[in-house]
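The primary structure of each chain is shown beneath.
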Amino acid sequence: EDQVTQSPEALRLQEGESSSLNCSYTVSGLRGLFWYRQDPGKGPEFLFTLYSAGEEKEKERLKATLTKKESFLHITAPKPEDSATYLCAVHLFNNYGQNFVFGPGTRLSVLP
Amino acid sequence: GAVVSQHPSRVICKSGTSVKIECRSLDFQATTMFWYRQFPKKSLMLMATSNEGSKATYEQGVEKDKFLINHASLTLSTLTVTSAHPEDSSFYICSAREARRDIQYFGAGTRLSVL
């Protein structure tokens, strides 16, 4: 069964305290992995897409990496404005055709 | 980045009425649009996949007659919640897939409250 999990469920950091969020997947026919940021009451905002193991993408304080089984979202020296829920999603092919599967998200709180 | 517009952002209605939510891709053509439902502090739950010019594909457990989806053009999809009841109250989010880069861009969501 295609599955996407994220850990931790929630994370509290002090401003400037770097950390990583994990997205693990057990899927067949991976086409791509996506990271989104979602603020309360808003739709998800696209951050990155990764297509192959070893690929890395960076944007400001965020860096996403991909292996064959998981992806990490590294946050360097976070600021309070980085507080949000971070969602990962995989785009895959399975017996039912194409599908997008979202993980449950990691709620990040960055304290000043 | 690509922009997806979703309206209305919030709607309050009486039980038994129907509510229409619009989702537009403003600067790209979206052959595929998705409708999600999200409960508080939970992740996105895919309701249906909508392809332009064809019938929507609904996920298991989603009532087709309750949630009517129309994707009449490459830039517009609508979700109509028919005969809404309080249990339909939720946050509904649409997304549009940019085929060239295979990325889903999301609307801002619609908060539906059924009294």
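No experiment lies behind these values; they were computed from the predicted model shown. (Residues numbered from 1 in each chain as written. Chains lettered and ligands numbered in written order. Predicted model: local features only at pLDDT ≥ 70, side-chain atom pairs only at ≥ 80, totals over all residues. Heavy atoms only, no water.)

Considering the overall build of chain A
Tallying secondary structure elements over chain A gives zero helices and eleven strands in all. In chain A, the succession of helices and strands from N to C terminus is β-β-β-β-β-β-β-β-β-β-β. At 14 Å, chain A has a C-alpha radius of gyration in line with the 13 Å of a compact globule built from 112 residues. Counting only C-alpha atoms and orienting by the principal axes, one finds that chain A spans roughly 45 × 30 × 20 Å. Within chain A, buried positions represent 44% of all 112 residues. For chain A, restricting intrachain contacts to residue pairs at least 6 apart in sequence, the fraction spanning at least 24 positions comes to 55%. (Helix = DSSP H or I, 4+ residues; strand = E, 2+ residues; numbered from the N terminus. Rg over C-alpha atoms; globule rule 2.2 N^0.38 Å. Buried < 20%, exposed > 50% of the residue type's maximum accessible area, 1.4 Å probe, protein only. Contact = heavy atoms within 4.5 Å.)

Examining the pairing of strand β5 (residues 45-50) of chain A
Residues and elements named next belong to chain A. For β5, a buried count of five out of six residues is recorded, marking the element as mostly surrounded by other parts of the structure. Here strand β4 (residues 30-38) runs beside β5; their pairing, made up of five bridges, is antiparallel. Across the sheet, the residue bridging to tyrosine 36 is phenylalanine 46, located in β5. The loop that links β4 with its antiparallel partner β5 comprises six residues; one of these, glycine 41, has a positive phi angle of about 75 degrees. (Pairing = 2+ DSSP bridges.)

Focus on the environment of threonine 17 of chain B
Residues and elements named next belong to chain B. If you trace the backbone, threonine 17 turns up in the loop between β2 (10-13) and β3 (19-25). Among the residues examined, threonine 17 registers a relative accessible area of 32% and is labelled partly exposed. Contacts of threonine 17, omitting those with residues within four sequence positions, involve Val81, Thr82, Ser83 and Ala84.

A look at the sheet that holds strand β8 (residues 70-75) of chain A
Think of a sheet as strands paired side by side through backbone hydrogen bonds, with each pair either parallel or antiparallel. Residue and element names in this part refer to chain A. Read across the sheet, five strands follow the order β1-β3-β8-β7-β6 without closing on themselves; strand pairing throughout is antiparallel. At either margin of the open sheet sits one strand with a lone partner, and together these are β1 (3-7) and β6 (56-59). Direction aside, the axes of adjacent strands within the sheet are offset by 15 degrees on average. Judged from the six bridges that link them, strand β3 (residues 19-26) and β8 form a sheet pairing that is antiparallel. Within β8, the position partnered with leucine 21 by the bridge is leucine 73. (Axes fitted to C-alpha atoms, helices over the stretch in contact; angles between N-to-C directions.)

Let's talk about the pattern of salt bridges
Any two side chains of opposite charge can pair, so long as their charged atoms come close to each other. Under the definition given, this model contains six salt bridges over all chains. In this structure, the salt-bridge partner of glutamate 55 of chain A is lysine 57 of chain A, at a minimum N-O distance of 3.5 Å. A relative accessible area of 19% means that glutamate 55 of chain A is categorised as buried. Between lysine 66 of chain B and aspartate 88 of chain B there is a salt bridge; the shortest N-O distance is 2.9 Å. With lysine 66 of chain B in the loop between β6 (57-58) and β7 (67-73) and aspartate 88 of chain B in the loop between β8 (76-81) and β9 (90-98), the pair connects residues that are 22 residues apart, well separated along the chain. (Salt bridge = Lys/Arg side-chain N within 4 Å of Asp/Glu carboxyl O.)

Purely geometric numbers; function is a separate question.
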